[in-house]
Protein chains: 2
Amino acid sequence: MQLTAEQLRSFDEQGFVFFPDCFREEEIALLRDEAERILHLDRQEIWREKTGAPRTAFAAHTFSEVFGLLARHPRLIEPLRQVFGEGVYVHQFKLNAKAAFEGEVWQWHQDYGTWARDDGMPQPRAMNIAVFLDEVMAVNGPLMLIPGSHQHGTLEAGHDKLTTSYPLWTLDKDTVTRLCAEAEAAHGTGIVAPTGKPGSVLMFHGNLVHASPPNITPYPRKIVYLTLCAVSNHITKFTRPEWIAHRDFTPIVPVADDALLSFAQAHREAAE
Amino acid sequence: MQLTAEQLRSFDEQGFVFFPDCFREEEIALLRDEAERILHLDRQEIWREKTGAPRTAFAAHTFSEVFGLLARHPRLIEPLRQVFGEGVYVHQFKLNAKAAFEGEVWQWHQDYGTWARDDGMPQPRAMNIAVFLDEVMAVNGPLMLIPGSHQHGTLEAGHDKLTTSYPLWTLDKDTVTRLCAEAEAAHGTGIVAPTGKPGSVLMFHGNLVHASPPNITPYPRKIVYLTLCAVSNHITKFTRPEWIAHRDFTPIVPVADDALLSFAQAHREAAE
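Residues numbered from 1 in each chain as written. Chains lettered and ligands numbered in written order. Predicted model: local features only at pLDDT ≥ 70, side-chain atom pairs only at ≥ 80, totals over all residues. Heavy atoms only, no water.

### Here we look at helix α8 (residues 259–271) of chain A
Residue and element names in this part refer to chain A. Here is the rule we go by: Only DSSP runs of H or I covering at least 4 residues are called helices, and only runs of E covering at least 2 are called strands; the numbering of each starts at the N terminus. Any helix carries an expected span of 1.5 Å times its number of residues minus one. Partly exposed residues are those whose accessible area sits between 20% and 50% of the maximum for their type, while under 20% is buried and over 50% is exposed, using a 1.4 Å probe and protein chains only. In this description, contact between two residues means that some pair of their heavy atoms is separated by no more than 4.5 Å.
When the terminal C-alpha atoms of α8 are compared, their 18 Å separation across 13 residues agrees well with the 18 Å that a helix rising 1.5 Å per residue should span. Regarding α8, the residues found buried are Ala 259, Leu 260, Leu 261, Phe 263 and Ala 264. Buried residues along α8 sit in contact with α2 (25–39) and α4 (65–70).

Structure, rendered in structure tokens:
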């Protein structure tokens, strides 16, 4: 999968590209079943909300064969190799649950803010590629993006250790208000919240300002965030556990495009 | 303003009717300015979020001339007189702020659940008519409705005094999940979140199950909820303060349709 000239232009201007229907239902069903299994494991990589509901599973690609395939999937790897012009490695792998009724807020932040401050990543030459495992609706805590906000570099942030169970470098209200006003002027809207079916994919710049509200609905909203970093831009500070900020900088060798389908088929046959 | 046969049918089936552009910008500007003034008053009728931001102002129609006009506005009164077939009085008047960044959740509930349990209202012959003072967007904490849920009568509820600063009779997760599944089957969607410009109006049944998520955006989302009750259905228990559940059961005499415009004009002239 290569980005078109139009997609590259839109990415430069807005800071994100959305691909509806990137994965087929059969591929997503496999990932979703595996996600449910993982979120209920009792491991240090699984973080919980203050209520006890699962919030985030880190590094599932290291202990789940299915997510291992996803982390090397050419539909995710190739666009980022194209943008960075070199090989990429997995900096972080998160499965965010945003559980029905209990999924809590992620405050306004830039991901690169954390990668730079906590991990010593030299440049914002890394980004998230989000894979929707459930339908993301306007009502179940969608990701909210401020278009164009990636063009401001790394903004001043405070380390919020209180609001949720997960510490985050967050932006203040004045900054978010100003960025939304600028986005309204430049792009006609202050906030975009891409919605779509399971299998949709959202790629966004490491400096794009984003947040997501709590999920108060019965509809879970699981998203996998695969963070890929240009190999030459690997991190230099090892302050966070290895399963949060990885230290294996080997360029990813993609699997075949039908790897998830083949896996699903092999497992069906084995079960029969 | 009278409801059409189609609107009455839709109200019976879905439990709500939405009127975009019910009030003109000039009328809404008057109400919005007055709302900002009121929300910053230091009075017992103004409730605050745990953060201190304004959450709800009760009974503003009793101490604000402008909101007094709104509470007697024919575009709000007439549809309810039509539905109930008799005069109506103001049971409750709320200005919900859902402040930028700080507006907190309203959990899943039925309004009539509270009116019956706390106020001894005999039948669900009262309802809310919501007037949008700000633009209600998908992202700034819109009201979420479960279509058709008003047809289940008054559902079992628990008294939640902890989640927010305002105690509420709330429904449990299993009930909400079941109602959403039924709504999906009957109406094609489990949750509807009407969005629209300032001046839009939403009328919904006293037993319609609804909620609203926190507002994490820079966009405030003020809504006035005028609760009108059929006069013959007045409350019988006076457990809540008079400014929360009113005890004047005199039928409302509507003002002229241009009352807000005339008020705005008179005040402009006085200021010149």
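### Concerning the sheet that holds strand β10 (residues 201–205) of chain B
The strands that make up a sheet pair up through hydrogen bonds in the backbone, lying either parallel or antiparallel. All names here are of chain B. Selection rule: Note on pairing: DSSP must find at least two bridges between two strands before they are called paired. Here an axis means a line fitted to C-alpha atoms, over the contact stretch when the element is a helix, while the angle between two N-to-C directions is reported on a 0 to 180 degree scale.
With respect to topology, seven strands assemble into an open sheet ordered β1-β10-β6-β12-β4-β3-β2, the strand pairing being antiparallel. The open sheet is flanked by β1 (16–19) and β2 (46–48), the only strands paired with a single partner. Here the strands of the sheet are splayed against their neighbours by 20 degrees on average, with no regard to which way each runs. One ladder, built from eight bridges, connects strand β4 (residues 88–96) with strand β12 (residues 223–230); its direction is antiparallel. Along β12, the bridge assignment pairs Gln 92 with Thr 227.

### Digging into the pattern of salt bridges
Residue and element names in this part refer to chain A. So the rule is basically this: For salt bridges, the criterion is a side-chain nitrogen of Lys or Arg within 4 Å of an Asp or Glu carboxyl oxygen.
Summed over all chains, the structure comprises 30 salt bridges over all chains. Glu 182 is paired through a salt bridge with Arg 178; the nearest N and O atoms lie 3.5 Å apart. Separated by four residues within a single helix, Glu 182 and Arg 178 lie in helix α7 (residues 173–187), roughly one turn from each other. Under the relative-accessibility criterion, Glu 182 is labelled partly exposed at 33%.

### Considering the relation of the copies chain A and chain B
Threshold: We superpose the copies by least squares over the C-alpha atoms of residues that have a pLDDT of at least 70 in both of them.
Rotating chain A by 180 degrees about the axis while translating it 0.0 Å along that axis superimposes it on chain B, leaving an RMSD of 0.0 Å. In the structure described here, the two chain copies are related by an operation that fits a two-fold rotation axis. Using C-alpha coordinates, one finds that chain A approaches the rotation axis most closely at Ala 138 of chain A, a distance of 3.0 Å.

### Considering the sheet that holds strand β2 (residues 46–48) of chain A
Residue and element names in this part refer to chain A. Spatially, β1-β10-β6-β12-β4-β3-β2 is the arrangement adopted by the seven strands of the open sheet, whose pairing is antiparallel. Since the sheet does not close on itself, it has two edges, and those belong to β1 (16–19) and β2, each with one partner. Averaged over all pairs of adjacent strands, the angle between strand axes in this sheet comes to 20 degrees, irrespective of strand direction. Of the pairings in the sheet, the one linking strand β6 (residues 126–132) to strand β12 (residues 223–230) comprises seven bridges and is antiparallel in character. The partner of Phe 132 across the bridge, within β12, is Ile 223. Against the sheet, helix α6 (residues 111–119) engages β4 (88–96), β6, β10 (201–205) and β12, with an angle of about 130 degrees to β6.

### Re the side chain of Asn 96 of chain B
All names here are of chain B. The cut-off we apply is this: Polar contact is defined as a pair of N or O atoms within 3.5 Å, subject to the rule that within protein one atom must be able to donate a hydrogen and the other to accept it, and that residues adjacent in sequence are counted only when both atoms are side-chain atoms.
One can find Asn 96 in strand β4. A distance of 3.2 Å separates polar atoms of two side chains, one belonging to Asn 96 and the other to Thr 56. Excluding its chain neighbours within four sequence positions, the residues that come into contact with Asn 96 are Arg 55, Thr 56, Trp 106, Arg 221, Lys 222, Ile 223 and Tyr 225.

### Quick word on the nonpolar core
Residues and elements named next belong to chain B. Inclusion rule: We call a set of buried residues a nonpolar core when its members are Ala, Val, Leu, Ile, Met, Phe, Trp, Tyr or Cys and they connect through side-chain atoms within 4.5 Å of each other.
With 46 residues, the main nonpolar core has Phe 23, Phe 67, Leu 70, Phe 93, Leu 133 and Leu 228 as its most contacted residues. Element by element, the count of residues in this core is highest for helix α2 (residues 25–39), at six residues. Apart from the residues within four sequence positions on either side, Leu 133 is in contact with Ile 28, Leu 31, Arg 32, Ala 35, Phe 67, Leu 95, Pro 198, Lys 222 and Val 224.

### A closer look at the environment of Ala 157 of chain B
Residue and element names in this part refer to chain B. Tracing the chain through its elements places Ala 157 in the loop between β7 (144–145) and β8 (158–160). Between the C-alpha atoms of Ala 157 and Phe 204, which are 47 residues apart in sequence, the distance is 19 Å. The contacts of Ala 157, once residues within four sequence positions are left out, are Arg 117, Trp 169, Thr 170 and Leu 171.

### Here's the deal with the environment of Asp 12 of chain A
Residues and elements named next belong to chain A. Mapped onto the elements of the fold, Asp 12 is located in helix α1 (residues 5–14). Separated by 193 residues in the primary sequence, Asp 12 and His 205 place their C-alpha atoms 8.8 Å from one another. Among residues more than four places away in sequence, those in contact with Asp 12 are His 150 and Gln 151.

### Quick look at unusual backbone geometry
With the exception of glycine, most residues fall at negative phi, and the peptide bonds are largely trans. The phi dihedral of Ala 59 of chain A falls on the positive side, at around 60 degrees, and the residue is not glycine. Here Ala 59 of chain A is to be found in the loop between β3 (54–58) and α3 (60–63). The phi dihedral of Lys 98 of chain B is positive, around 40 degrees, even though this residue is not glycine. Given the relative accessible area of 2%, Lys 98 of chain B is considered buried.

### Examining the layout of surface pockets
Formally: Definitions used for this entry: grid spacing 1 Å over protein atoms alone; cavity, a set of points where a 1.4 Å probe fits but cannot get out; pocket, an open set with protein on both sides within 12 Å along at least 5 of 7 lines; lining residue, one with an atom within 4 Å of a point. Grid points are joined across faces, edges and corners, and a volume is the space filled by probe spheres set on the points. Only Asp, Glu, Lys and Arg are considered charged, only Ala, Val, Leu, Ile, Met, Phe, Trp, Tyr, Cys and Pro nonpolar, and every remaining residue, Gly among them, polar.
Counted as a void, the largest pocket has a volume near 1200 Å³. What lines the largest pocket is a set of 41 residues, and nearest its centre among them are Glu 104 and Pro 214 of chain A together with Glu 104, Val 105 and Pro 214 of chain B. Mapped onto the lining of the largest pocket, the elements with two or more residues apiece are β5 (106–109) of chain A together with β5 (106–109) of chain B. Here the residues of the lining of the largest pocket are counted per class, giving 14 nonpolar, 13 polar and 14 charged. Its boundaries defined by the atoms lining it, the second largest pocket holds a volume of some 330 Å³. Around the second largest pocket, the lining is made up of 24 residues, and of these Gln 92, Lys 94, Trp 106, Tyr 166 and Leu 168 of chain A lie nearest the centre. For the lining of the second largest pocket, the secondary structure elements donating two or more residues are β4, β5, α6, β9 (168–170) and β11 (210–212) of chain A. Considering each element in turn, the lining of the second largest pocket owes the most residues, four residues, to α6 of chain A.

### A few points about empty space enclosed by the protein
The tally for this structure, following the rule as stated, stands at two cavities of 30 Å³ or more. The space that makes up the largest cavity amounts to roughly 200 Å³. If you go around the largest cavity, you meet 20 residues; those closest to its centre are Lys 94, Trp 106, His 109, Asp 111 and His 210 of chain B. Of all the elements in the fold, those that place two or more residues in the lining of the largest cavity are β4, β5, α6 (111–119) and β11 (210–212) of chain B. In this structure, the second largest cavity encloses a volume near 90 Å³. Lining the second largest cavity are 14 residues, with Ala 138 and Pro 213 of chain A together with Ala 138, Met 144 and Pro 213 of chain B positioned closest to its centre. Here the residues of the lining of the second largest cavity are counted per class, giving twelve nonpolar, two polar and no charged.

### Thoughts on the interface of chain A and chain B
Short version of the rule: Note on terms: buried area is the combined drop in 1.4 Å-probe accessible area of two parts once they are placed together, counting the loss on both.
With 23 residues of chain A at the interface, the matching set in chain B holds 23 residues. With both sides pooled, the region where chain A packs onto chain B buries about 1800 Å², and carbon together with sulfur makes up 76% of that total. The interface formed by chain A and chain B includes two salt bridges. A salt bridge links Lys 173 of chain A to Glu 102 of chain B, with the shortest nitrogen-to-oxygen separation between them at 2.7 Å. Taken together, the elements giving at least two residues each to the side of chain A that touches chain B come down to α7 and β11 of chain A. By residue number, the principal contributor to the side of chain A that touches chain B is α7 of chain A, which donates five residues. A class-by-class count of the residues in the side of chain A that touches chain B yields 16 nonpolar, four polar and three charged.

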